[in-house]
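Examination of the molecular architecture
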Amino acid sequence: MEFWAEMDRAELVPTYGSEDSGCDSEKQSGIPPGPSVAQILPRQILDLSDEVLMLILELLDPTSLLNAGSTCRTLYRVCLSDSLWTRHCRFFFRLSLCDETFPPKDAFRLLYIWHKVYSTLPYNRQLQDLLFKTCPPPKYWTQWLVLEEMVPLPPVQLPDYEIEELWGIGKECVLESHRVSDDQSTEQLYKYTWKELHNIAVLQHEHLGNVMKYVLRKQFVNSHDELEWMYHQYCRFRFQWMFAYWLFGVSKPCSRNLRRIYLWWQTYSKKKTFCWGTAGCDVQYFASLHHVTEDYWRGKLAKGDETLGIRTVENYFSMCKSLLAWILGRSWGRLKQKKISDPC
């Protein structure tokens, strides 16, 4: 690479006093040639000081910052700077990490992974099994749920010391009106909704940023293998999960209407479309019937943004619905009503 860089400079940047520059007068006058432009300018970005590199890296988003840090050891060291990730924590989560012992990069990574995984709850069966199998969920997942105001779980019944440990709410803030009388239990249980506990925790810690700090301190010593595995599953199947949820996760009347529009004027197999919406249906086959859904399935729509991409798919079929209603309203629309199907 150094060789090709020097060759490019020799071809594109003529040096002062060279034969190709046409400065014969300087040769005759005996004036020594000056330094070349290639000798004045830095040869590569790694020749810049760390302070200048920091100013450049501050312009990058977290994903670009990680990609830059994976190129070489020097950029990895600079991209690991706490000031860069503290800035991202403040911008994305409104979290100030000035006096914390855990690295800001790890804090940003855990919060980012959790929010991405929790956003898939409506269509992530694996996460649903973890959270809905028992109430409350396992302690590790309950600790993460402390950050969420809206949790689709029934109210929890916990002793005051567990509420204090998980949410950081002092025993003096636990109201006796929420106490549950249970003769079979030797402990004093208190019944709260998740939203009530979240609001009390925010008041106890003064704002949501301090709640995040409290949860990070608790979770920093734990192993996050299961959470990371969930995130890898999200990165791998997020388009497929979202598409299946959009296609089949509606009411029966809406599903019949969507199926009618989705299969209109398409050559399809009756055997594969007969099991529409069941557990054994081939979702990938349905996605292949339209170019827009096939691009979304492969992650090529909306620059890989699954949320924006599914909105594009919705707008596309909304336009198809309007077009279909216009065609059927015309006198010649009856000739176009026959569906094209493949008997095989």
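Residues numbered from 1 in each chain as written. Predicted model: local features only at pLDDT ≥ 70, side-chain atom pairs only at ≥ 80, totals over all residues. Heavy atoms only, no water.

1. Some points on the sheet that holds strand E3 (residues 189–192)
Taken in spatial order, the three strands make up an open sheet running E1-E3-E2, and their pairing is antiparallel. Both edges of this open sheet fall to strand E1 (156–159) and strand E2 (179–180), since each of them pairs with a single strand only. In this sheet, E3 lies alongside E1 in antiparallel orientation, the contact comprising four bridges. Note that in E3 the partner of Val-156 across the bridge is Tyr-192. Along the sheet, helix H11 (residues 160–167) contacts E1 and E3; its crossing angle with E1, the most-contacted strand, is approximately 100°. Its contacts with the sheet place helix H12 (residues 194–205) against E1 and E3, and it is angled at close to 95° to E3. (Pairing = 2+ DSSP bridges. Helix = DSSP H or I, 4+ residues; strand = E, 2+ residues; numbered from the N terminus. Contact = heavy atoms within 4.5 Å. Axes fitted to C-alpha atoms, helices over the stretch in contact; angles between N-to-C directions.)

2. Focus on the pattern of salt bridges
What the rule picks out here adds up to six salt bridges. A salt bridge links Asp-50 to Arg-77, with the nearest nitrogen and oxygen atoms 3.0 Å apart. Placement of Asp-50 in helix H4 (residues 50–57) and of Arg-77 in helix H6 (residues 73–79) is noted, with a sequence separation of 27 residues between them. Look at Asp-50 and you get partly exposed, because its relative accessible area is 32%. For Glu-228, the salt bridge goes to Arg-109, with nearest N and O atoms at 2.2 Å. Of this pair, Glu-228 sits in helix H14 (residues 225–248) while Arg-109 is found in helix H8 (residues 104–119), placing the two residues 119 residues apart along the sequence. Residue classification places Glu-228 among the partly exposed residues on the basis of a relative accessible area of 22%. Judged by its relative accessible area of 35%, Arg-109 falls in the partly exposed class. (Salt bridge = Lys/Arg side-chain N within 4 Å of Asp/Glu carboxyl O. Buried < 20%, exposed > 50% of the residue type's maximum accessible area, 1.4 Å probe, protein only.)

3. Re unusual backbone geometry
Cis geometry is found at the peptide bond from Cys-135 to Pro-136, where omega equals 0°. Mapped onto the fold, Pro-136 is located in the loop between helix H9 (125–132) and helix H10 (139–145). Of note, the phi angle at Glu-206 is positive, near 80°, even though the residue is not glycine. Among the residues examined, Glu-206 registers a relative accessible area of 67% and is labelled exposed.

4. Considerations on the packing of H9 against H14
Look at H9 against H14: their axes get within 10 Å of each other, and the N-to-C directions meet at 135°. It follows that H9 is oblique to H14 by the angle criterion. Across the interface between the two elements, Gln-126, Leu-127 and Leu-130 from H9 touch Glu-226, Trp-229, Met-230, Gln-233 and Trp-241 from H14. By residue class, the composition of the contact of H9 with H14 is five nonpolar, two polar and one charged. (Parallel < 35°, antiparallel > 145°, perpendicular 65-115°, else oblique. Nonpolar A, V, L, I, M, F, W, Y, C, P; charged D, E, K, R; others polar.)

5. Describing the side chain of Thr-293
Note on placement: Thr-293 falls in helix H18 (residues 291–297). Thr-293 has contacts with Phe-243, Tyr-262, Phe-286, Ala-287, Val-313 and Phe-317, leaving out every residue within four places of it along the chain.

6. Some remarks on the environment of His-232
Mapped onto the fold, His-232 is located in helix H14. Along the chain, His-232 and Ile-113 lie 119 residues apart, while their C-alpha atoms are 9.6 Å from each other.

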